[in-house]
Amino acid sequence: MRRYIGLDLHKAYVHGYVWQEGTDNKGRHLRFPSDRDGWAKFIKAHVDRDTWIAIEATGSAFHVHDILAPYAGKVVVVNSHQLKRYGDGRHSDKLDAERLAHMLALGTVKPVWVPPEEVRALRSLLYYRQRLVGERTRTINRARAILREAGFNIPRSLDPWRV
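Residues numbered from 1 in each chain as written. Predicted model: local features only at pLDDT ≥ 70, side-chain atom pairs only at ≥ 80, totals over all residues. Heavy atoms only, no water.

Things to note about helix H2 (residues 61-68)
For step 1, the next point in the chain: Considered for burial, the residues of H2 that qualify are Ala61, Val64, His65 and Leu68. Across the axial projection of H2, the buried residues extend over an arc of 105 degrees, all falling on one side.
For step 2, the next point in the chain: On its buried face, H2 is in contact with strand S1 (3-9), helix H1 (36-46), strand S4 (51-56) and strand S5 (74-78). (Buried < 20%, exposed > 50% of the residue type's maximum accessible area, 1.4 Å probe, protein only. Helix = DSSP H or I, 4+ residues; strand = E, 2+ residues; numbered from the N terminus. Arc of directions from axis to C-beta. Contact = heavy atoms within 4.5 Å.)

Description of the side chain of Arg3
For step 1, the next point in the chain: Looking at the secondary structure, you find Arg3 in strand S1.
For step 2, the next point in the chain: Look at Arg3 and you get buried, because its relative accessible area is 18%.
For step 3, the next point in the chain: Among the polar contacts made by the side chain of Arg3, one reaches the side chain of Gln20 at a distance of 3.4 Å.
For step 4, the next point in the chain: Sequence-distant contacts of Arg3, defined by excluding residues within four places in its chain, comprise Val18, Trp19, Gln20, His46, Val47, Asp48, Asp50, Thr51 and Trp52. (Polar contact = N/O pair within 3.5 Å; in protein donor to acceptor, adjacent residues only side chain to side chain.)

Describing helix H5 (residues 117-149)
For step 1, the next point in the chain: If you check H5, its first and last C-alpha atoms are 48 Å apart, about what 33 residues at 1.5 Å a residue would give, namely 48 Å.
For step 2, the next point in the chain: For H5, every residue scored as buried is listed here: Arg120, Gly134, Ile140, Ala143, Arg144 and Ala145.
For step 3, the next point in the chain: Of the surrounding elements, those touching the buried residues of H5 are H2. (Expected span 1.5 Å × (residues − 1).)

Some details on the nonpolar core
For step 1, the next point in the chain: Judged by nonpolar contacts, the single largest core of 19 residues is most densely connected at Leu7, Leu9, Trp39, Phe42, Ile53, Ile55 and Leu68.
For step 2, the next point in the chain: Of all the secondary-structure elements, those providing two or more residues to this core are S1, strand S2 (13-20), strand S3 (28-33), H1, S4, H2 and S5.
For step 3, the next point in the chain: Sequence-distant contacts of Ile55, defined by excluding residues within four places in its chain, comprise Leu7, Leu9, Ala61, Val64, His65, Leu68, Val75, Val76, Val77, Val78 and Leu100.
For step 4, the next point in the chain: Counting 12 residues, the second largest nonpolar core, distinct from the first, contains Tyr4, Val78, Leu100 and Met103. (Core = buried A, V, L, I, M, F, W, Y, C linked by side-chain atoms within 4.5 Å.)

Structural notes on the pairing of S2
For step 1, the next point in the chain: Among the eight residues in S2, six count as buried, and that is most of the element.
For step 2, the next point in the chain: Inspection of the sheet shows S1 paired to S2 by seven bridges, in the antiparallel sense. Across the sheet, Leu7 pairs through a bridge with Gly16, a residue of S2.
For step 3, the next point in the chain: From the end of S1 to the start of S2, which pair antiparallel, there are three residues.
For step 4, the next point in the chain: Here six bridges tie S2 to S3, and the two strands are oriented antiparallel to one another. Across the sheet, residue Gly16 finds its bridge partner in S3, namely Leu30. (Pairing = 2+ DSSP bridges.)

Comments concerning the pattern of salt bridges
For step 1, the next point in the chain: One pass over the structure, following the stated rule, counts five salt bridges.
For step 2, the next point in the chain: As a salt-bridge pair, Asp66 and Arg120 come within 2.8 Å of each other at their nearest N and O atoms. Here the residue Asp66 occupies a position in helix H2, and Arg120 occupies one in helix H5, the gap between them amounting to 54 residues.
For step 3, the next point in the chain: Its relative accessible area of 32% is what places Asp66 among the partly exposed residues.
For step 4, the next point in the chain: For Arg120, a relative accessible area of 16% corresponds to the buried category.
For step 5, the next point in the chain: Note that Arg99 and Asp96 form a salt bridge whose closest N and O atoms lie 3.9 Å from each other. With Arg99 and Asp96 both in helix H4 (residues 93-106), this residue pair falls three residues apart, about one helical turn.
For step 6, the next point in the chain: On the accessibility criterion, Arg99 (14% relative accessible area) is buried.
For step 7, the next point in the chain: Each of Asp66, Glu117 and Arg120 takes part in salt bridges that share partners, so that together they form one network. (Salt bridge = Lys/Arg side-chain N within 4 Å of Asp/Glu carboxyl O.)

What follows is the structure in structure tokens.
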């Protein structure tokens, strides 16, 4: 029988909800540390090829997807805005994890595309470059402002570092 797990990720811990197909009883909540040992124990205790897992899209969702994908039957990253539309407006770790598992079991989740590792690495480099260019622009603008306040109005065509 298939097992459905919803995971609500946080920096220090993970809250999960495990529901087994074919059982009338409620599933069970679990919480474990978000470190190497915590993930290893979780995989050993709860994940096999008959397990489907839904993860709310956060900063570490793709990394967690990579950890779980070799062990689980299916791992889905879900857009967090889709999750917020369901329910009565109350959101907590328990409710979000439970909704993820139930939506996965019902087939109502729309997964987001998980880019390959190479694409993620390239995105990371491009994002870092963008931040560096922004810092450089802010620094040049600040240098121009300091020079202007000191009475040196330099043209835009000149590099303030050479003045």
